[in-house]
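Structural overview for review
Spelled out, the chains give:
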Amino acid sequence: MSALDLKLLRDLRRLWAQALAIALVVAGGVATVVLAVGSHHSLDETRIAYYERYGFADVFAQIRRAPNSIVHQIEAIPGVAMVEPRIAQLALLDIPNFREPATGEFISLPDKREQVLNRLFMRQGRLPDPSSEREVVVNENFAKAHGFGLGSSFAAVLNGRKRDLTIVGTALSPEFIFAIGPGDIMPDNRRFGVIWMPERALAGAYNLKDGFSSVAIKLLPGASEDEVIQRLDDILEPFGGRAAYGRKDQTSNAWLSHELDMLNNMSRTLPPIFLLVTAFLVNLTLGRLVALEREQIGLLKALGYANRAIAMHYLKFVMLIAVAGIAIGSLAGAWLGNYITQLFGDFFRFPFLLFSRDVSTYLIGATLSLIAAAVGAMRSLLEVARLTPAVAMQPPAPAMYNHYLPASLSLDNFVTQPTVMMLRSVARHPARSIFTMLGIAMATGILVVSLFTRDTMEQLIDVTYFLADRQDATLSFGERRSADVVYQVAHLPGVLAVEPSREVPIRIRHGSVERRVILSGKASGADLSRIIDVNLRPVVLPEEGLAISGMLAQILGVRVGDTVEIDLLEGQRRTVILPVAATVEDYFGIRAMMDASALARLMREAPAVNSVHVSVDRNALDAFYTKIKAMPMVSGLALQRVSLRNFRDAIALLITTMASIYAGLAAIIAFGVVYNSARISLSESARDLASLRVLGFTRGEVLRILLLELALLTILAQPPGWAIGYGLAWVMKTRLAGELMRVRLVVEHFTYALTSVIVITAALFSALVVRSRVNGLDLVSVLKTRD
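Conventions adopted
- Residues numbered from 1 in each chain as written.
- Predicted model: local features only at pLDDT ≥ 70, side-chain atom pairs only at ≥ 80, totals over all residues.
- Heavy atoms only, no water.
- Helix = DSSP H or I, 4+ residues; strand = E, 2+ residues; numbered from the N terminus.
- Buried < 20%, exposed > 50% of the residue type's maximum accessible area, 1.4 Å probe, protein only.
- Contact = heavy atoms within 4.5 Å.
- Areas by Shrake-Rupley, 256 points an atom, 1.4 Å probe, with all protein chains shown as cover.
- Lys, Arg positive; Asp, Glu negative; His and termini not counted.
- Charge placed at Lys NZ, Arg CZ, Asp CG, Glu CD.
- Pairing = 2+ DSSP bridges.
- Axes fitted to C-alpha atoms, helices over the stretch in contact; angles between N-to-C directions.
- Core = buried A, V, L, I, M, F, W, Y, C linked by side-chain atoms within 4.5 Å.
- Domains from an automatic or database assignment.
- Arc of directions from axis to C-beta.
- Buried area = accessible area lost by both parts, 1.4 Å probe.
- Salt bridge = Lys/Arg side-chain N within 4 Å of Asp/Glu carboxyl O.
- Polar contact = N/O pair within 3.5 Å; in protein donor to acceptor, adjacent residues only side chain to side chain.

Here we look at the overall build of the protein
Within the protein, the regular secondary structure consists of 24 helices and 20 strands. Counting only C-alpha atoms, the protein reaches 105 × 60 × 55 Å along its principal axes. Split into buried and exposed, the 787 residues of the protein put 55% on the buried side. Partitioning the contacts of the protein with sequence separation of at least 6, the portion at a separation of at least 24 is 84%. Of the roughly 34200 Å² of accessible surface on the protein, a fraction of 58% belongs to carbon and sulfur atoms. Distance from the positive charge centre (79 side chains) to the negative charge centre (71 side chains) of the protein: 7 Å.

Set out below in structure tokens:
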């Protein structure tokens, strides 16, 4: 082992605490990359494998009733690989000892052939006997929510007739990973279930013998989805087809893709901050080490060591610290990645999980960390190369001090002597002070962006559930109904107010950009389900024109006053051109709205409804639920308070978990920055502090002088940290925005205060660690004068 390598080991042993602090910051950067990228890869690979193994379809369509004879026409469409005709119907469920009405989506299982698409993964039990009219398989989440086992029973109202059903199996399906009932925003496993039933039994209940009401299609590789959908719509239109759609518009897949995109976007926002702090810490620590070892560097050069050899010596010092951080971060990131993967896997109920062990994920984190460490060391390495032996072996020139203020305004007249010493130290090293503040500010900023999600979620809840959709419940109908149904609903027990709603599927287009959305017709003066603009004020729909989501306007590239093309996908299908009259603020999905009367004229139909929003007296809920269960026309009942609870339990849980992880890593950054700054200050001021001890200052007074500087820099770093956090929150909010869900940028004062408390606490903890170093100063060795 060479002499320089022996010196390297001694340096690492002497500066092990500072090296560990830097390594932990490096580990934080690596861990964020590995956990976010690794968990995203694992979940994405699991989804792909699940879809492939169980035949998840590419195209879906619903029909009122189509004969089985047209299946051959569908199979003949160019690009179609497989076709799965089936019966799919919504029905109310009556579950024993369950107060509220539940909804079931009934899907037929073929009697005489194997299921080719959207195949079931049986968790328990068996498939129903094809000859049975009562045996069913239910999705696992629904069964667990109600404590159902094999042999459990419940009732369903199928086409107006109540039928008792018996569970013979529980299953998972790639079509219902994210199962959302009619009118709901989030999954509700207690109030929405998927029920698979023999085809003959379901066809008999809905008079669909030799027919089907839903079709799923698998495409050949390279096939054009748009062309297949167009041909499929042409075939199904005479039979009441409701416009086919692809995977990206399939509810379960769309939500799953959105969640994975959120996870992926998080991996691109915070790791760069950790790497930037890594470069900063390496720059501070190595710069101080070079300054302290000027004489040794000069001696090495005088003895014949080349600049390259000496620079490589200090680069090795940095690289060893970085490698240690990479090892720690890789292990922590792998563990956290597995935890996040398992958390999402349990939430989505995947039948299996594929944990990604892609080496490239670890190589990306390691490479970025090594680059950051090398960049941080660059200035010090250049300084090593510039030092000549004669200059290096001389003590550094003493600092120059001047009086800038008259004696009457001297700081001594206003503050204590320790404070004056602290201010002189800050002024003597402005670059170091600024970089220390920047590092602490970055730690504060990461904490802000980690915790701001709590504020945004509460604001989203407030707008969605209390400003916009203020109804207690929404009744959905399987088919459009005459406006007379509103009067029937108004006379149900406990109903205080009603508002009808008409929904029509459309394609909205501007230029070459188009989206498939729902066009909602709102009654004039609607007060239960309101439309809110970007200023959170209710919008009165104009008699003509559309109001569209702000996100939809952004996607289409339109503003108020522009016109868009609308393809009506129900009733008399045709294309119309309408002006954009307003943009509205909403956080779930993208949609278009217009006055209900204007929509009826556009559809060339009498006033009709698909759903009714109601306000209900809570004291009459039992009677209301009982009456709803007896109404065969009702296919689903969404309850706002239940939806709110499910939202908090689902999305909020996942986001809070990620935020907590990043907040913990940010606290590590804060500790690393403050501790390294304190150690550097101690090294630079050791002689002065020891002199004060000899002059009679107590250990506490000496420590106070040292920590006053850090306290000042920590406090001064908070406002810039808040600004950095707000900027990072804007970046995060922008990257998390999607067509299914987005948030408004809201950072409460409490969040700023909490982040500062966490950073100051980390600073206090590092101060306690430094205290032992100050108390252990060897006065004799420190006061030795350099020749």
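Next comes the rest of the description.
Points about the sheet that holds strand β11 (residues 245–246)
Read from one edge to the other, the open sheet built from four strands follows the order β2-β10-β1-β11, with strand pairing classed as antiparallel. In this open sheet, the two edge strands, each paired with only one partner strand, are β2 (80–86) and β11. Of the pairings in the sheet, the one linking strand β1 (residues 59–67) to strand β10 (residues 211–219) comprises six bridges and is antiparallel in character. Paired with F60 across the bridge in β10 is A216. Its contacts with the sheet put helix α6 (residues 225–236) on β1, β2, β10 and β11, and the angle it makes with β1 is roughly 10°.

Side note on the nonpolar core
One recurring pattern in soluble globular proteins is that nonpolar side chains are buried together. F588, F647 and I669 are the most contacted members of the largest nonpolar core, which has 98 residues in total. In terms of residues, this core owes the most to one element, helix α20 (residues 651–694), which gives 17 residues. Both domains that furnish three or more residues to this core are identified here as domain 1 (88–206) and domain 2 (429–471 + 640–787). When near neighbours in sequence (up to four residues on either side) are disregarded, F588 contacts I185, W255, L460, T464, F647, L740, M741 and R742. Membership of the second largest hydrophobic core comes to 29 residues, among which are L4, V282, I297 and Y314.

Points about helix α9 (residues 294–302)
Among all positions of α9, only R294, I297, G298, L300 and K301 are buried. The buried residues of α9 occupy an angular sector of 160° when the element is viewed end-on, so they sit on one face. G304 sits one or two positions beyond α9 and adopts a positive phi of about 110°.

Re the domain arrangement of the protein
In terms of domains, the protein is made up of domain 1 (88–206), domain 2 (429–471 + 640–787) and domain 3 (495–616). Using only C-alpha atoms to locate each centre, domain 1 and domain 2 end up separated by 51 Å. At the interface, eight residues of domain 1 touch nine residues of domain 2. Across the domain 1/domain 2 interface, buried area totals approximately 610 Å², and carbon plus sulfur atoms make up 58% of it. Sorting the residues of domain 1 by area buried against domain 2 places E100, I185 and M186 first, and these three jointly supply 64% of that buried surface. There are one salt bridge connecting domain 1 and domain 2. Put simply, E100 and R641 hold a salt bridge, and the shortest N to O gap is 2.9 Å. In this structure, the connection of domain 1 to domain 2 is made through two residue pairs in polar contact (both at pLDDT 80 or more).

Let's talk about unusual backbone geometry
Both trends apply: most residues other than glycine have a negative phi, and most peptide bonds are in trans. Phi at N97 is positive, roughly 60°, even though this residue is not glycine. Assignment of secondary structure puts N97 in the loop between β3 (88–94) and β4 (102–109). The exposed category is assigned to N97, whose relative accessible area is 86%. The residue R604 is not glycine, and still its phi comes out positive at about 55°. Of note, R604 is situated in the loop between α17 (596–603) and β19 (608–616).

Some remarks on the environment of I440
Inspection of the secondary structure assignment puts I440 in helix α14 (residues 430–468). Judged by relative accessible area, I440 falls into the buried class, the value being 1%. Taking the C-alpha atoms as reference, I440 lies 19 Å from A659; in sequence the two are 219 residues apart. With residues up to four places along the chain from it excluded, the contact list for I440 reads V673, V674, L713, T714, A717, Q718 and V759.

Some details on the side chain of R502
The residue R502 is located in strand β13 (residues 495–510) in this model. We classify R502 as buried; its relative accessible area is 3%. In terms of polar contacts, R502 uses its side chain to reach the side chain of E605, at 2.9 Å. Looking at R502, its side chain comes within polar contact range of the side chain of N610, at 2.9 Å. Among all residues touching R502, those that are not within four sequence positions of it are R480, L519, S520, G521, E570, L599, M603, E605, A608, V609 and N610.

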